[in-house]
Structures are given as C-alpha cells and as structure tokens.
Amino acid sequence: MNDGLTQCDCCDYFALSVKGEWEICPVCFWEDDRLGEVIEADIKSGANHGLTLRDARANFLLLGACCREMLPHVLPAEARERLRYAPRNL
Ligand SMILES: [Zn+2]
C-alpha cells in the first residue's frame, strides 16, 4: 500500500504528507518538529509546548492524543482506522 504519507513520530500512524515541516498530525496533534530520532525522544519540544516525544507517545497510547489539551482536536477513531499504522517501541 502506497498512500504517500509518512509516519508520525508520536502516534505511529502514517498521517503526515511530508516529514520535518512542522506539520501537525491529525491523529495525535503532535507537531512534527524532527525530534523523531530515538536518541532525541527525551528532549523537550518547543513546538509541542515543552512535551518530550517519549511523554507524547505515552499520552497518545493512554488518551488518544499527544496531550490532554489536544484531545478535542484529534481525528475520531473511525477516521483514524483508514490510516496505515505501524507501532514502534522507543
Ligand atoms: Zn501523530
């Protein structure tokens, strides 16, 4: 399946049209700030209000958004199911 989308570093859904361009993921609302390398998972992301990627990933699994404040904005679960998903471990 080639949907032309790239994987979000936070939620692991293929939901971004381009990588590293400050795109906001519709699934989890993480702003793609290139902190996707595993080694950078504990660096606070200014674009994401000081959240680390590791915390954002944990929040997504727990809440369904990168943080509680973004919960009202994320895609509903039905819409999310149309996207490719490949969970990764940090
Ligand atoms: Zn995401």
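About the cut-offs
- Residues numbered from 1 in each chain as written.
- Predicted model: local features only at pLDDT ≥ 70, side-chain atom pairs only at ≥ 80, totals over all residues.
- Heavy atoms only, no water.
- Donors = N, O, S within 2.8 Å, 3.2 Å for Na, K, Ca; no water.
- Helix = DSSP H or I, 4+ residues; strand = E, 2+ residues; numbered from the N terminus.
- Buried < 20%, exposed > 50% of the residue type's maximum accessible area, 1.4 Å probe, protein only.
- Contact = heavy atoms within 4.5 Å.
- Polar contact = N/O pair within 3.5 Å; in protein donor to acceptor, adjacent residues only side chain to side chain.
- Salt bridge = Lys/Arg side-chain N within 4 Å of Asp/Glu carboxyl O.
- Arc of directions from axis to C-beta.
- Phe/Tyr/Trp six-rings, centres within 6.5 Å; stacked < 30°, edge-to-face > 60°.

Student: Please explain the coordination of the zinc ion as it appears in this structure.
Tutor: Six octahedral donors around a metal ideally subtend angles of 90 or 180 degrees, whereas four tetrahedral donors ideally subtend 109.5 degrees. For the zinc ion, the full set of protein donor atoms is Cys-8 (SG), Cys-11 (SG), Cys-25 (SG) and Cys-28 (SG), and the range of their distances to it is 2.2 to 2.4 Å. Read from N- to C-terminus, the donor residues coordinating the zinc ion fall into the pattern C-x2-C-x13-C-x2-C. Taken together, the positions of Cys-8 in the loop between strand E1 (6-7) and strand E2 (14-16) and Cys-25 in the loop between E2 and strand E3 (44-45) put the pair 17 residues apart, joining distant regions of the chain. With respect to class, Cys-8 is no different from Cys-25; both count as buried.

Student: How should I be thinking about the environment of Lys-19 in this particular structure?
Tutor: Looking at the secondary structure, you find Lys-19 in the loop between E2 and E3. Considered as a pair, Lys-19 and Leu-62 are 43 residues apart in the sequence and their alpha carbons are 25 Å apart. Excluding residues that lie within four positions of it along the chain, Lys-19 makes contacts with Thr-6, Gln-7, Asp-9 and Asp-32. Among the polar contacts listed, one links the side chain of Lys-19 to the side chain of Asp-9, at a separation of 2.9 Å.

Student: Help me out: how do you make sense of the pattern of salt bridges in this one?
Tutor: Applying the stated criterion across every chain, the model contains six salt bridges. The shortest N-O distance in the salt bridge between Arg-88 and Asp-9 comes to 3.7 Å. Separated by 79 residues along the polypeptide, Arg-88 in the segment after helix H2 (77-80) and Asp-9 in the loop between E1 and E2 bring together distant segments of the chain. By relative accessible area, Asp-9 is classed as buried at 8%. Between Asp-42 and Arg-54 there is a salt bridge whose closest N-O contact spans 2.7 Å. Of this pair, Asp-42 sits in the loop between E2 and E3 while Arg-54 is found in helix H1 (residues 53-63), placing the two residues twelve residues apart along the sequence.

Student: Please explain H1 as it appears in this structure.
Tutor: Each turn of an α-helix holds 3.6 residues, which means side chains three or four residues apart point in the same direction. Along H1, the residues classified as buried are Leu-53, Ala-56, Arg-57, Asn-59 and Phe-60. The buried residues of H1 occupy one face: seen down the axis, they fall within an arc of 160 degrees. Across from the buried face of H1, at angles greater than 90 degrees, the exposed residues are Leu-61 and Leu-62. Where H1 is buried, its residues meet strand E4 (51-52) and H2. Of the residues flanking the end of H1, it is Gly-64, one or two places downstream, whose phi is positive at about 95 degrees.

Student: What am I meant to see in the packing of aromatic side chains here?
Tutor: One pair of aromatic rings is described through two measures. These are the centre distance and the angle between the planes. Tallied over the entire structure, the rule returns two aromatic pairs. Relative to Phe-60, the ring of Tyr-13 lies with its centre 6.2 Å away and its plane at 80 degrees, an arrangement referred to as edge-to-face. Here Tyr-13, found in the loop between E1 and E2, pairs with Phe-60, found in helix H1; they are 47 residues apart in sequence, far enough to count as distant. You'll find Tyr-13 and Phe-60 in the same group, each marked buried. A ring pair is formed by Tyr-13 and Tyr-85, whose centres lie 4.3 Å apart and whose planes are at 20 degrees; its orientation type is stacked. On the criterion of sequence distance, the pair formed by Tyr-13 in the loop between E1 and E2 and Tyr-85 in the segment after H2 is long-range, its members being 72 residues apart. Overall, Tyr-13 belongs to the buried group, its relative accessible area being 11%. Under the relative-accessibility criterion, Tyr-85 is labelled partly exposed at 38%.

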